[in-house]
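Below, each chain spelled out in residue letters.
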Amino acid sequence: MSGNAAPRATGEGNTRARLDRGRGALGPALELVHTGRAPTRAVLTTALGVTRATAGAVAAELEALGLIRVDAHPGAAAGSQGRPSHRLEVAEDGPVVLAAQVHADGYRAALVGLGGRIVATAPGCETVEADPAKVLGSVVEAGADLLRATGLRCVGAGLAVPAAVAEPEGLALNPMHVDWPAGSPVREIFAERVRAAGIEGPAFAANDVNLAALAEHRHGAGRGARHLLCVATGHRGVGGALVLDGRLHTGSSGLALEVGHLTVNPEGRPCHCGSRGCLDVEADPLALLTAAGRDPGPELSLLQQANDLIRAHHAEDPAVRAATEALIDRLGLGLAGLVNILNPDRIILGGLHRTLLDTDPDRLSAVVADRSLWGRSGGVPILPCTLDHNSLVGAAELAWQPVLDDPLTALAGV
Ligand SMILES: [Zn+2]
């Protein structure tokens, strides 16, 4: 008698086991294709740790759901020495999500497919009034227009706001740059507007820099980093985010990484938080324009005015150069403090901070190294964000998450 006492699986049992394994692999497989980490079926097979047959069945199921395309004719990838394999890519005509972003100067709506691909987008400029329902209504309506114009299927909606969003309620805790009341229930209002516009699927909301970091981690400059720190200034203020092993670190109630209120200049200007010399008021576009002796005009966003000023005049205008250096030094001081606390393996910078990095990367690295633990943090790579509209793409990631977690259930529900 052999020691093999395990009951032999019936043919039916085998099939069911393979289907269950296959179903469990649908989400991970979709995420691998979505983030560009499985360009072929062979890579997918290895990454999932399943048999070729299971990987083939999983890819076929995702294709049947309209989410990915499997190249029918296997070919070797460019430069590849390996065996030919079926190429996998997200379906260009597949479903989309509605992504929305509100900032100090207005809003932007977009339809975003898998792979972080912006299919259509519409900006809107308006004074963001004290009632969040007004601008959220406008941005959702702009998104609904894009959906009507393209005829694409929508499976969810995500919103990026320039404020910390407290969980689990989805409240914009400190929306000072858009004049909303503190604690505005932005997720509930957004979800209500999405439903009213006849758009299907769940609705989500989060802080814009958190979402930028998530998007960069999945599709941009943060790919492959395990402890990714993102610091960025958009139109007003400064935000930060941390992506740990692929997951956004949000703290116990969504409020982690409020880096804007690190003190980087003890004698600096008063901050709206009650302190003074915070990164928020010492290293944002308004701080740059003020330090350079410029009066900001109303016709362009502060971010664009600050970026334009550096790009056009840094080389020949000593006042602009001095202002740029002052901001780099303050930003470097803030980054050094964060590096000492968080020990990231990569830092990415967005908005005006990206422009500061592009303008003088050596100065920024030197300040961070000089001010951080044993100077070791000078070795942490500091890179520019690379995605256009990364907060919007991140808002789309929120909306895609249920599909990435369980494609069959999520798509059956909309
Ligand atoms: Zn402050």
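This structure is a prediction, so every number in the text was calculated from the model and none was measured.

Here we come to the coordination of the zinc ion. Coordination sphere of the zinc ion, protein contribution only: H261 (ND1), C271 (SG), C273 (SG) and C278 (SG), at 2.0 to 2.3 Å. With 4 donor atoms in place around the zinc ion and angles of 106 to 119° between them, the coordination shape is tetrahedral. According to the relative accessible area criterion, C271 is buried, its value standing at 8%.

Right, let's get into the sheet that holds strand β9 (residues 203–207). One open sheet accounts for 5 strands, arranged β5-β4-β3-β6-β9; its pairing is mixed. Each edge of the open sheet is held by one strand with a lone partner, namely β5 (118–125) and β9. For this sheet, the mean angle separating the axes of adjacent strands, direction not counted, is 15°. Direction of pairing for strand β3 (residues 96–103) relative to strand β4 (residues 106–112): antiparallel, over a ladder of 7 bridges. Each residue of the ladder has a partner; that of V97, found in β4, is V112. Along the sheet face, helix α5 (residues 186–196) touches β3, β6 (154–161) and β9 and points at about 145° away from the line of β9. Helix-sheet contacts for helix α6 (residues 208–219) involve β3, β6 and β9, and the interaxial angle to β9 is about 100°.

With omega at 10°, the peptide bond leading from E167 into P168 counts as cis. For P168, the location among the structural elements is in the loop between β7 (165–166) and β8 (171–172). The backbone of L257 shows a phi angle near 65°, a positive value even though the residue is not glycine. Within the secondary structure layout, L257 lies in the loop between β12 (247–248) and α7 (279–282). We note that H389 has phi near 55°; this positive angle belongs to a residue other than glycine.

In this section: the pattern of salt bridges. A side chain with one charge can pair with a side chain of the opposite charge if their charged atoms come near. If you walk through the whole model with that rule in mind, you get 13 salt bridges. Its salt-bridge partner being R148, residue D145 comes within 2.5 Å of it at the nearest N-O pair. Here the residue D145 and the residue R148 both occupy positions in helix α4 (residues 132–150), the gap between them amounting to 3 residues, near one helical turn. Note on R148: relative accessible area 55%, which makes it exposed. For the salt bridge of R226 with D245, the shortest nitrogen-to-oxygen distance reads 2.9 Å. On the criterion of sequence distance, the pair formed by R226 in the loop between α6 and β10 (227–233) and D245 in the loop between β11 (239–244) and β12 is long-range, its members being 19 residues apart. By relative accessible area, which is 48% here, D245 ends up partly exposed. Taken together, the shared-partner salt bridges in this structure form one network comprising E141, D145 and R148.

Reading the values: the criteria
Residues numbered from 1 in each chain as written. Predicted model: local features only at pLDDT ≥ 70, side-chain atom pairs only at ≥ 80, totals over all residues. Heavy atoms only, no water. Donors = N, O, S within 2.8 Å, 3.2 Å for Na, K, Ca; no water. Tetrahedral: all angles 85-135°; square planar, octahedral: opposite > 155°, others 65-115°. Buried < 20%, exposed > 50% of the residue type's maximum accessible area, 1.4 Å probe, protein only. Pairing = 2+ DSSP bridges. Helix = DSSP H or I, 4+ residues; strand = E, 2+ residues; numbered from the N terminus. Axes fitted to C-alpha atoms, helices over the stretch in contact; angles between N-to-C directions. Contact = heavy atoms within 4.5 Å. Salt bridge = Lys/Arg side-chain N within 4 Å of Asp/Glu carboxyl O.

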